[in-house]
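Residue-level listing of the chains:
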Amino acid sequence: MAKQCKYSCDSAAETLEWIKAIADFIKPYSFLINAHVVNFFKDRLWESVDKEWIECLGKESVENLLLIPSGVVQDHWPTSLKEFVLTLKSLVYPREQADLKKVEVLSAIVSSIVSTVQADAIIDVGAGQGYLAQVLAFEYQHSVVAVDACSHHGNVTDARAERIKKHYTVQMRKFGSGNKRLNVPQTITCRIMSLETLKALSTLLPHKCDVEQPKLIEQDLEQYGSKGNRSSLVLAGLHACGDLSVTMLKTILECEEVRAVISIGCCYNLLSEEGFENARIHYGFPMSCGVKTISLSLGKSSRDLACQIYSVWAKNWFSFGQYKDRSAERWKSLGKEAGLHNFELHAFRAAFQMVLHKYFPEVIITSPSIGRQGKALRRKQQRRIMESELHDEESTYSSLPQSPNMDEACSVIQSGEAGAGDKSGIGLNLDALVNKMSLDTGSRCEGRTISADKYSLFEKFCRSGLCRLGLKPLVDINFLGIWNEVEPYVNLIGVYWSLRAAFGPLLETVILLDRLLFLQEQAGHLNVVMLPIFDPALSPRNVAIIAKKLDTVMAS
């Protein structure tokens, strides 16, 4: 029943046609894309969704709700709902690929391109702790410069490189090739804030005779602009964040030394955008003239949503149904119980927004954040599902404090003495709260409304949230009244969340196609392809944009 993607991006005209189709599709759903789930109850967001969809999905199982972002529909759904889910799925760029390790795959691709364009060196942009750079240097014997804004990452890269070098040296002596010289990645600590910085970096190359001992260079790059060697380069970026990926793509056009670029983007929420507060002279979206002509804008909520590829973990959970203890497969851990837990956390947070709106209006206008307690709680929930037996959780439940001293708790949290193991800044009450929630969700029957004792959990969530914001609960806060007001609609938050989550892959598709189109518009100068290069279960960001200058392609 699933619709196959009928669009192509082999040419600039086809790519623009695809982008226009997406723009036309998302236009009627801006109310859903641009909404904030924290305002679900305050703004009664469910009322903006088709009533027939709400009525149908409000009775749907958690498993089926979680599969909506994957494009899975049920036969008994309204025709309009099925058409919406299937059409959305058909507009998403396909990202399925073989189950291969991402560093191994990308390093092989980069090495092949280096050979094709006969480049002298590789710049690993946003190198992190240097995994890609080290494989390219030690395994493929390329000259590599690993660039990252964090000096700690550079130190880690250097230290690991020394250990790898010792290992290779021992192996070479063992097999009689001890005279072979090893390439070691050179590290540079530099925050690339502009195209000019990356262009300046392109003149700073490691010489094979100089990189036997890796070094950290923290000097003003401008001095290398006139002194550096003119060599041919390949830029590679595995999950270069925000505008950094955009800068890489622009550099191949404006820097003679750069012969090819391989970019896998990340952190679209950090992209600058034309017409928005974070826009700069050179913004990250839109890049292409084509998208600028159709006046397509995203906004922060859309860019945030583009980072969140829920379809990958939902589909994998449905297929495998079992957690595997590897961080690369982290999304597979979200089963029914954790899904319920996720929805309930969103409900608590949205109800807490009502508390802030009514009793602390001066705070809510600042768009307050109470930390990443939802993610922290979900991680703890997943660990307990995997590692704990029911009697262990019952023990924790029985020890849950019933009458916490909130003044004392606030002082502990604000003074940073929440405990050595509490890195999220959340008080101990929320740590205990997640245990109790796991019990409640585990015993919850299908179709049953949230049990009465959820109110006590909601109150504890609110008190902890207020402490997180440095606020002391007012005596007259009517937590029970607010909970009674929102409780009839709590089961709809999962419906809303799932429908909104389905747009994540589609919005990422728009961003990727815009980047591709930008390069395709340089007709006669570049050979450009976009393709998924490793299993999305390893990382949802698995789509690479690869561009090579045509003169190097023809020469090879």
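Only a predicted model underlies this, so the values are computations on that prediction, with no experimental measurement involved.

Visitor: Any chance you could explain the pattern of salt bridges here in plain terms?
Guide: A side chain of one charge can pair with a side chain of the opposite charge if their charged atoms are brought near each other. By the definition in use, this model includes six salt bridges. Notably, a salt bridge pairs R44 with E47, separated by 2.7 Å at the nearest N-O pair. When the shortest N-O distance is used, the salt bridge between E459 and R463 registers 3.0 Å. In this pair, E459 and R463 are both assigned in helix α20 (residues 454–468), four residues apart and thus about one turn of the helix distant.

Visitor: What is the right way to read the nonpolar core from this model?
Guide: Inside soluble globular proteins, nonpolar side chains tend to come together where they are buried. F41, F84, F458, L499 and F503 are the most contacted members of the largest nonpolar core, which totals 119 residues. Element by element, the count of residues in this core is highest for helix α14 (residues 336–359), at 12 residues. Among the nonpolar cores identified, the runner-up in size contains 25 residues, and V105, A260, I262 and F534 belong to it.

Visitor: Just to check I follow, could you spell out the state of the cysteines for this structure?
Guide: Cysteine pairs can be covalently joined through their sulfur atoms, and such a bond is termed a disulfide. Per the counting criterion, the structure on display carries zero disulfides. Its sulfur unpaired, C241 is 3.3 Å from the next cysteine sulfur, which belongs to C267. We classify C241 as partly exposed; its relative accessible area is 36%.

Visitor: How should I be thinking about the pairing of strand β3 (residues 186–189) in this particular structure?
Guide: By the alternation rule, side chains of β3 split into Q186 and I188 and T187 and T189, which are all buried. Sheet topology note: the strand β2 (residues 144–148)/β3 ladder contains four bridges and is parallel. Bridging across to β3, V145 finds its partner in Q186.

Visitor: What's the story with unusual backbone geometry in this structure? I'm lost.
Guide: Leaving glycine aside, a negative phi is the common case for residues, and trans is the common case for peptide bonds. Following F285, the chain continues into P286 via a peptide bond in cis, with omega recorded as -10 degrees. Assignment of secondary structure puts P286 in the loop between β6 (258–266) and α11 (289–293). Not every positive phi belongs to a glycine, and H239 is a case in point at roughly 65 degrees. With respect to the helices and strands, H239 occurs in strand β5 (residues 233–241). The residue C267 is not glycine, and still its phi comes out positive at about 50 degrees. The class for C267 is partly exposed, based on a relative accessible area of 21%.

Visitor: In this structure, what is going on with the environment of R191? I would like to understand it.
Guide: Here R191 lies in the loop between β3 and α9 (195–201). Assessed through its relative accessible area of 57%, R191 is described here as exposed. Spatially, the C-alpha atoms of R191 and C150 are 8.0 Å apart, while their sequence positions differ by 41 residues. In contact with R191, not counting residues within four places along its chain, are A149 and T197.

Visitor: Quick question: what am I supposed to make of the packing of aromatic side chains here?
Guide: What characterises a pair of aromatic rings is the spacing of the ring centres plus the angle enclosed by the ring planes. Evaluated as defined, the whole model comprises 21 aromatic pairs. Ring geometry for F40 versus W46: centroids 5.1 Å apart, planes at 50 degrees, classification tilted. We note that F40, like W46, is buried. Aromatic pair F84 and F503: ring centres 5.7 Å apart, planes at 55 degrees, arrangement tilted. Of the two residues, F84 is situated in helix α5 (residues 79–90) and F503 in helix α23 (residues 503–520); the sequence distance between them amounts to 419 residues. Taken as a pair, F84 and F503 share a single burial class, namely buried. Through successive ring pairs, a cluster of aromatic residues spans F25, Y29, F31, W53, F84 and F503.

Visitor: Got a minute to help me understand the confidence of the model for the chain in this structure?
Guide: Per-residue pLDDT for the chain has a mean of 77; in total, 70% of the residues score no lower than 70. Every residue in residues 411–432 scores below 50 in pLDDT, and together they form 29 contacts with partners more than four places removed in sequence or on other chains.

Visitor: Whenever I open this one, the environment of R95 confuses me. Can you help?
Guide: Within the fold, R95 resides in the loop between α5 and α6 (102–117). Classification of R95 as buried rests on a relative accessible area of 6%. Between the C-alpha atom of R95 and that of R541, which follows or precedes it by 446 residues, the distance is 9.1 Å.

Visitor: Sorry, what's going on with empty space enclosed by the protein here?
Guide: In this approach, a probe sized like a water molecule rolls over the atoms, and the result shows the empty space that is left. Applying the stated criterion to the full structure yields two cavities of 30 Å³ or more. Approximately 40 Å³ is the volume attributed to the largest cavity. Considering the residues around the largest cavity, the lining is formed by G128, A146, V147, D148, C150, G154, T157, T187, I188 and T189. Elements with a minimum of two residues in the lining of the largest cavity: β2, α8 (151–174) and β3. Tallied by class, the residues present in the lining of the largest cavity amount to four nonpolar, five polar and one charged.

What counts and how
- Residues numbered from 1 in each chain as written.
- Predicted model: local features only at pLDDT ≥ 70, side-chain atom pairs only at ≥ 80, totals over all residues.
- Heavy atoms only, no water.
- Salt bridge = Lys/Arg side-chain N within 4 Å of Asp/Glu carboxyl O.
- Helix = DSSP H or I, 4+ residues; strand = E, 2+ residues; numbered from the N terminus.
- Core = buried A, V, L, I, M, F, W, Y, C linked by side-chain atoms within 4.5 Å.
- Buried < 20%, exposed > 50% of the residue type's maximum accessible area, 1.4 Å probe, protein only.
- Disulfide = S-S within 2.5 Å.
- Pairing = 2+ DSSP bridges.
- Contact = heavy atoms within 4.5 Å.
- Phe/Tyr/Trp six-rings, centres within 6.5 Å; stacked < 30°, edge-to-face > 60°.
- pLDDT = per-residue confidence, 0-100.
- 1 Å grid on protein atoms, 1.4 Å probe; cavity = no way out; pocket = protein on both sides within 12 Å on 5 of 7 lines; lining within 4 Å.
- Points joined across faces, edges and corners; volume = space filled by probe spheres on them.
- Nonpolar A, V, L, I, M, F, W, Y, C, P; charged D, E, K, R; others polar.

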